[in-house]
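Descriptive analysis of the structure
Here is what each chain is made of, one letter per residue.
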Amino acid sequence: MEKSAKTLSVMFGVVYAGCFYVMIDPSQPAERLQQILSVLNPELVITKSEFMGLLKEADYEKEIYLADEVIHTGMLVPKKLFCSPAILLDYLCDKKVTNLTWAVSALTLISSLKGLSYKVPKDVKRVMFSGEVMPVKQLRLWQEALPEAKFVNLYGPSEITCNCTYFNIERMYEDNEKIPIGKAFPGREVFLMDDNNSIINERDKVGEICVTGESLSEGYYNNPKETEKRFIMYPLHNDEVVRCYRTGDLGYYGEDGGLYFSGRCDFQIKHMGHRIELEEIERAINRIDEVDKSVCLMDYKHNYLVAFYQGNAMTEDIHRELKRSIPAYMIPRKLVQTEVFPLNKNGKTDRKYFMDIIDKRKRA
């Protein structure tokens, strides 16, 4: 390729992929090109369509990518494909995608709609997911489809740019188990803090997840009030004061010593005198056979819990199973079966979509 901003993009892409590149000037004669390629013996040449003739003259017969196509589509899947699992799987297979770094909802979109029964992207070697808690039932479907692939649970808010912990999944988990969010990446620290700004070290005690480290944001642009609230100075190591971010996420240390995500502070509600984690209800619903995914919300006008779910389970079966797994005050009064489970711009379940449904029912 010739020197250009597009060429620079290709160079960075090669480096980020963990490979190395050699830049070849297309103005050189075909014989010189042939000599260079015979020494390099590259697995792949990235070029532009107008230079395809040169490669043919140089007798290059291995794989060729066109830069325009690579830059337009490579490791970034077009958003419109996520509307159809079958087309999305066709794309992954055709492009021989090897790594998926997706939000949980994007992965479960495929597995919950039986997409892996249609086609398996066998070239995938690693699946990394974040953004929401992965239902172990859906994870098992991916593990069964890709038994040789590596699965990694990632955690981290944008304010730490962007993930701060990881957990390598080495086995299949049962429905009643949770996946740890793992240990901190180098250069970052993750800890729990209670409402009194004290560090939590005890097991099974829920606290707010806080993070600090070299990739921590400087704050919210033109929003000093929110910055002061979330970004705090804290004496983390004896007298050493460090700048930390309060994530608004809740977590706890399990009996195995691992760090587990326990929901959002803003998904924590007070109902019938009890403090309830809405995500705990969702996890209980998701464990039920014939339920693919769910979302639980509070109808504040009528003062009861509403859960929307996708799957073939009957509402009476869900109620019966929930009575066995969670307290009565946590069981949604209303269960709504739905075929549509939209994602927001961050690839997470669009809770606002379902809250709007509740609001419309109020007005009706």
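Now for a quick tour of the structure. In this text, all values refer to a predicted model and were calculated from it rather than measured experimentally. (Residues numbered from 1 in each chain as written. Predicted model: local features only at pLDDT ≥ 70, side-chain atom pairs only at ≥ 80, totals over all residues. Heavy atoms only, no water.)

1. A short note on the pattern of salt bridges
Going by this rule: A side-chain nitrogen of Lys or Arg and a carboxyl oxygen of Asp or Glu constitute a salt bridge if their distance falls within 4 Å. In this scheme, a residue with accessible area under 20% of its type's maximum is buried, one over 50% is exposed, and one in between is partly exposed, where area comes from a 1.4 Å probe on protein chains only.
In the structure shown here, the tally under the stated rule is 15 salt bridges. Measuring nitrogen to oxygen at the nearest pair gives 3.9 Å for the salt bridge that ties glutamate 50 to lysine 48. Look at lysine 48 and you get partly exposed, because its relative accessible area is 27%. Salt bridges linked by common partners bring Glu208, Glu226, Arg230 and Arg246 together as one network.

2. Some remarks on the pairing of strand β17 (residues 304-311)
Two faces make up the sheet, and in a regular strand the side chains alternate between them. Just so we agree on the cut-off: Put simply, DSSP H or I for four residues or longer makes a helix, DSSP E for two residues or longer makes a strand, and each gets a number counted from the N terminus. Two strands are said to pair when DSSP picks up at least two bridges between them. The handedness of a crossover follows from its direction of travel: if, with the strands pointing away from the viewer, the path from the first strand over the helix to the second runs clockwise, the crossover is right-handed.
When you tally the buried positions in β17, you get 8 out of 8 residues, the bulk of the element. Pairing of strand β16 (residues 291-299) with β17 involves 8 bridges; the strand directions are antiparallel. The residue of β17 that forms the bridge with valine 291 is glycine 311. Taken together, the 4 bridges between β17 and strand β18 (residues 334-337) define a ladder with parallel strand orientation. Of the residues in β18, the one forming a bridge with tyrosine 309 is glutamine 337. Handedness of the crossover is the feature at issue here: the chain leaves β17, passes through helix α11 (residues 315-325), returns alongside β18, and the resulting connection is right-handed.

3. Re the environment of phenylalanine 167
Relative to the helices and strands, phenylalanine 167 is located in strand β6 (residues 165-169). Residue classification places phenylalanine 167 among the partly exposed residues on the basis of a relative accessible area of 21%. Along the chain, phenylalanine 167 and glycine 258 lie 91 residues apart, while their C-alpha atoms are 9.7 Å from each other.

4. Details of the packing of helix α6 (residues 104-112) against helix α8 (residues 136-145)
Basically, it comes down to this: For helices, the axis comes from a line fit to the C-alpha atoms of the stretch in contact; other axes are also lines fit to C-alpha atoms, and the angle between any two N-to-C directions lies between 0 and 180 degrees. Roughly parallel means an angle under 35 degrees; roughly antiparallel, over 145; roughly perpendicular, 65 to 115; everything else is oblique. We call two residues in contact when some of their heavy atoms are within 4.5 Å. For this scheme, ten residues count as nonpolar: Ala, Val, Leu, Ile, Met, Phe, Trp, Tyr, Cys and Pro. Four count as charged, namely Asp, Glu, Lys and Arg, and the remainder, Gly too, count as polar.
One way to put it is that α6 packs onto α8 with a least axis distance of 10 Å and a crossing angle of 70 degrees. Here α6 lies roughly perpendicular to α8, going by the angle between them. Facing Leu107, Thr108, Ile110, Ser111 and Ser112 of α6, the residues of α8 in contact are Gln138, Leu141 and Trp142. For the contact of α6 with α8, the residue count by class is 4 nonpolar, 4 polar and no charged.

5. A closer look at the sheet that holds strand β3 (residues 99-103)
Within the open sheet, the 5 strands sit side by side as β3-β4-β5-β6-β7. Their pairing is mixed. Edge positions in the open sheet fall to β3 and β7 (183-184), since each of these has one partner strand only. Here 2 bridges tie β6 to β7, and the two strands are oriented antiparallel to one another. Across the sheet, threonine 165 pairs through a bridge with alanine 184, a residue of β7. α6 contacts β3 and β4 (126-130) of the sheet and is inclined by roughly 105 degrees relative to β3. The strands touched by α8 are β3, β4, β5 (150-155) and β6; relative to β5, the strand with the most contacts, the crossing angle is about 150 degrees.

6. Here's the deal with helix α1 (residues 5-16)
Heads up, the condition is: The span you would expect from a helix comes to 1.5 Å times its residue count less one. What the arc covers is the set of directions going from the helix axis to the C-beta atoms.
For α1, with 12 residues, the first-to-last C-alpha span of 17 Å sits near the 16 Å given by 1.5 Å per residue. Those residues of α1 lying buried are Thr7, Val10, Met11 and Val14. Projected down its long axis, α1 shows its buried positions confined to an angular sector of 100 degrees, all on one face. Every exposed residue of α1 that faces more than 90 degrees away from the buried side is listed here: Ala5 and Tyr16. After α1 finishes, the residue glycine 18 shows a positive phi value of roughly 85 degrees.

7. Focus on the packing of aromatic side chains
Where we set the bar: Stacked, edge-to-face and tilted are the three classes for Phe, Tyr and Trp ring pairs, Trp counted by its six-membered ring, which pair at centre distances within 6.5 Å; planes under 30 degrees apart are stacked, over 60 edge-to-face, the rest tilted. We count a charge as sitting over a ring when the NZ of a lysine or the CZ of an arginine lies within 6 Å of the ring centre and within 35 degrees of the ring normal.
Per the stated rule, a full pass over the model turns up 11 aromatic pairs. Between phenylalanine 191 and tyrosine 234, the aromatic rings sit 6.2 Å apart at their centres with planes inclined by 25 degrees, giving stacked as the arrangement. On the criterion of sequence distance, the pair formed by phenylalanine 191 in strand β8 (residues 188-193) and tyrosine 234 in strand β11 (residues 231-237) is long-range, its members being 43 residues apart. Judged by centre distance (5.5 Å) and plane angle (70 degrees), the rings of tyrosine 220 and phenylalanine 231 are edge-to-face. Of this pair, tyrosine 220 sits in the loop between β10 (207-213) and α9 (224-230) while phenylalanine 231 sits in strand β11, placing them 11 residues apart in sequence. Phenylalanine 231 sits in the buried class, given a relative accessible area of 8%. Sitting above the plane of the tyrosine 173 ring, arginine 171 keeps its charged end 3.9 Å from the centroid.

8. Regarding the pairing of strand β15 (residues 274-277)
As judged from the 4 bridges shared by strand β14 (residues 268-271) and β15, these two strands associate in the antiparallel manner. Within the sheet, the bridge partner assigned to glutamine 268 lies in β15 and is glutamate 277. Where β14 folds back onto β15 in an antiparallel hairpin, the turn is made up of 2 residues, including methionine 272, whose phi is positive at roughly 55 degrees.

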